[in-house]
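Structural characterization, general
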Amino acid sequence: MDIEKEIEKTIKEYRLLNKSDKIVVALSGGKDSTSILYILHKLGYNVSGLLIDLYLGEWSRTHNEKMTKFCSELGVPLEIVDLKKELGQGICFIKAVLKKQKNLTGCTVCGITKRWVLNKWAKKLKADKLVTGHNLDDEAQNVLMNFMKGNILLGMNSSPATGDEEIEGFVQRVKPLFFIPESEILRYAKEKKFDILYDKCPCAFGTYRVETRAWMKELTDLEKKKIVEGFQKIVPKLRAENHREIFECKKCGQPSRSEVCNACKIFECL
Ligand code: AMP
Ligand code: ZN
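A brief report on the enclosed structure follows. Note that the coordinates shown come from a computational prediction; the quantities given were computed from them, not determined experimentally.

1. Some thoughts on the coordination of the zinc ion (ligand 2)
- Distances from the zinc ion (ligand 2) to its protein donors, Cys249 (SG), Cys252 (SG), Cys261 (SG) and Cys264 (SG), fall within 2.3 Å.
- Taken together, the 4 donor atoms coordinating the zinc ion (ligand 2) and their angles of 106 to 114° define a geometry best described as tetrahedral.
- In terms of primary sequence, the donors binding the zinc ion (ligand 2) are separated according to C-x2-C-x8-C-x2-C.

2. Here's the deal with the pairing of strand β1 (residues 22–26)
- Burial runs high along β1: 4 of the 5 residues are buried.
- By the bridge criterion, 5 bridges tie β1 to strand β2 (residues 46–53) in an arrangement that is parallel. Pairing of Val24 across the sheet is with Ser48, part of β2.
- Remark: the β1/helix α2 (residues 31–42)/β2 crossover connection has right-handed handedness.

3. Concerning the packing of α2 against helix α3 (residues 57–74)
- The contact between α2 and α3 brings their axes to 11 Å, and the two run at 10°. For the element pair α2 / α3, the angle class is roughly parallel. Here Thr34, Leu37, Tyr38 and His41 of α2 come into contact with α3, specifically with Met67, Phe70, Cys71 and Leu74.
- A per-class count over the contact of α2 with α3 returns 6 nonpolar, 2 polar and no charged.

The rules behind each value
- Residues numbered from 1 in each chain as written.
- Chains lettered and ligands numbered in written order.
- Predicted model: local features only at pLDDT ≥ 70, side-chain atom pairs only at ≥ 80, totals over all residues.
- Heavy atoms only, no water.
- Donors = N, O, S within 2.8 Å, 3.2 Å for Na, K, Ca; no water.
- Tetrahedral: all angles 85-135°; square planar, octahedral: opposite > 155°, others 65-115°.
- Buried < 20%, exposed > 50% of the residue type's maximum accessible area, 1.4 Å probe, protein only.
- Helix = DSSP H or I, 4+ residues; strand = E, 2+ residues; numbered from the N terminus.
- Pairing = 2+ DSSP bridges.
- Right-handed = clockwise from strand over helix to strand, strands pointing away.
- Axes fitted to C-alpha atoms, helices over the stretch in contact; angles between N-to-C directions.
- Parallel < 35°, antiparallel > 145°, perpendicular 65-115°, else oblique.
- Contact = heavy atoms within 4.5 Å.
- Nonpolar A, V, L, I, M, F, W, Y, C, P; charged D, E, K, R; others polar.

Structural data, given as structure tokens:
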């Protein structure tokens, strides 16, 4: 698969990005976000990187160093946000507290925290779009996990472009790798010899997502594509029938679907 061509196709079909946009790429330092930063830059988009230092010891230090080098060689600006300066704690502490107090799983807490920090900083950097490296495998996992939880409505915002462009205070999140299998991105990153860490997050163990990822390895890329494309057919109907009002979070001012946003509910426990 020529993933550069496939990505261009997704961008065009879903009108994800314009050449005049200021695009901030959420960079974890992994193969997905590194590849999409590289490809968007190659295609002539105005990109910069945004990396949250989560304080995961040596793993975070290596990511920071490698991304600093990668972006400087590419000639792309990089902003590293220090989670301890933002919230006073590293991600491990935040996850441990939330597990104890609200029995929330690590991946859920980490996801909510990252989304909040990324939106805050994307706004600060005056971004038009915030690109993430979510790929076909991530999206197929979401569809099946939500289904097995008996709550497919959790996926109603699933799309290569979230509907957030109409919501004041949200920088629209865009996923150009939405239809690209993880295996193809891995092949691309290795072919390009990107000097990055290829390991999975050291904290991701024992969660529902990790278990789902493990058994979904049995599925082919085509089957994963059918799961994602099939679900996309019902997303417009789910959205139309379940429109929810957006408020300004009473605590942080970021947009929220309840009076206090999920992130602030988490931060209250710290
Ligand atoms: P994950 O939730 O780790 O599967 O990551 C999904 C996407 O979120 C990545 O492809 C990145 O775009 C973004 N992301 C994850 N971790 C970070 C981080 N530490 N800093 C900035 N963006 C991140
Ligand atoms: Zn809030």
